[in-house]
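Chain and residue survey
One letter stands for each residue in the lines below.
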Amino acid sequence: MPTLTVNGRARTVAAEPDTPLLYVLRDELGLNGAKFGCGLGQCGACTVEVEGRAVLSCLTPIGVLEGRPVTTVEGLGSPEAPGPLQAAFIAENAAQCGYCIAGMVMRAHALLRANPHPSEDEIRAALRLNLCRCGTHMRILAAVRRAAGEPGPAAGGGS
């Protein structure tokens, strides 16, 4: 049985090595932050971090994760004590329906780990793989800027 390190904790799971990480997170470990969106790696709702890099858990088989730390949105904080990035998303009211938010937070988290002060263009490029059907992109961008301690874009600075 494979052992995964999820949110700093070793977890032995009963799934086959070719099982997508998303299913193990949700069905075996009870971590429901990562969402099933498209199942094809096209929407980003299932984004988690593996070794600090944003990955699509619907496409990542658990067999490639042995010894590689996985972080989910639950590993960043809790409703009672949100992490800094989660707090920024709350402060900016970045969630409407909330379906995409865990994936957006995880992709933003990976960006901010690699680049603590990204430019507006770098934020947009990092988040382009994650879709939000509710149209809260501007609030999501503001939340990432807030977490990075950056001001908003200059007047007339993009759409």
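With an unreviewed UniProt entry as reference, the protein chain is termed (2Fe-2S)-binding protein, source organism Methylobacterium indicum.

Helix and strand counts for the protein chain stand at 5 helices and 5 strands. In the protein chain, the order of α-helices and β-strands from amino to carboxyl end is β-β-α-β-β-β-α-α-α-α. Computed over C-alpha atoms, the radius of gyration of the protein chain comes to 16 Å, within 12% of the 15 Å expected from 2.2 N^0.38 for 159 residues, which places it in the range of a compact globule. Overall size of the protein chain, expressed as C-alpha extent along the three principal axes, is 55 × 30 × 25 Å. Taken across its 159 residues, the protein chain has 43% of its residues classed as buried. Within the protein chain, residue pairs in contact and separated by at least 24 positions form 54% of the contacts whose partners lie at least 6 positions apart. Total accessible area on the protein chain stands at roughly 8200 Å², and carbon and sulfur atoms take up 52% of it.

Attention now goes to the side chain of His109. If you trace the backbone, His109 turns up in helix H3 (residues 101–114). A distance of 2.3 Å separates polar atoms of two side chains, one belonging to His109 and the other to Glu49. When sequence neighbours within four positions are dropped, the list of residues in contact with His109 reads Glu49, Leu76 and Leu85.

Our next topic: the layout of surface pockets. For the largest pocket, the calculated volume is near 290 Å³. Taken together, 15 residues line the largest pocket, and the ones lying closest to its centre are Val73, Pro79, Gln86, Ile90 and Ile101. No other element matches the 3 residues that helix H2 (residues 84–91) contributes to the lining of the largest pocket. Classifying every residue of the lining of the largest pocket by side-chain character gives 9 nonpolar, 5 polar and 1 charged. Its boundaries defined by the atoms lining it, the second largest pocket holds a volume of some 210 Å³. A breakdown of the residues in the lining of the second largest pocket according to their chemical character gives 12 nonpolar, 5 polar and 1 charged.

Rules behind the numbers
- Residues numbered from 1 in each chain as written.
- Predicted model: local features only at pLDDT ≥ 70, side-chain atom pairs only at ≥ 80, totals over all residues.
- Heavy atoms only, no water.
- Helix = DSSP H or I, 4+ residues; strand = E, 2+ residues; numbered from the N terminus.
- Rg over C-alpha atoms; globule rule 2.2 N^0.38 Å.
- Buried < 20%, exposed > 50% of the residue type's maximum accessible area, 1.4 Å probe, protein only.
- Contact = heavy atoms within 4.5 Å.
- Areas by Shrake-Rupley, 256 points an atom, 1.4 Å probe, with all protein chains shown as cover.
- Polar contact = N/O pair within 3.5 Å; in protein donor to acceptor, adjacent residues only side chain to side chain.
- 1 Å grid on protein atoms, 1.4 Å probe; cavity = no way out; pocket = protein on both sides within 12 Å on 5 of 7 lines; lining within 4 Å.
- Points joined across faces, edges and corners; volume = space filled by probe spheres on them.
- Nonpolar A, V, L, I, M, F, W, Y, C, P; charged D, E, K, R; others polar.

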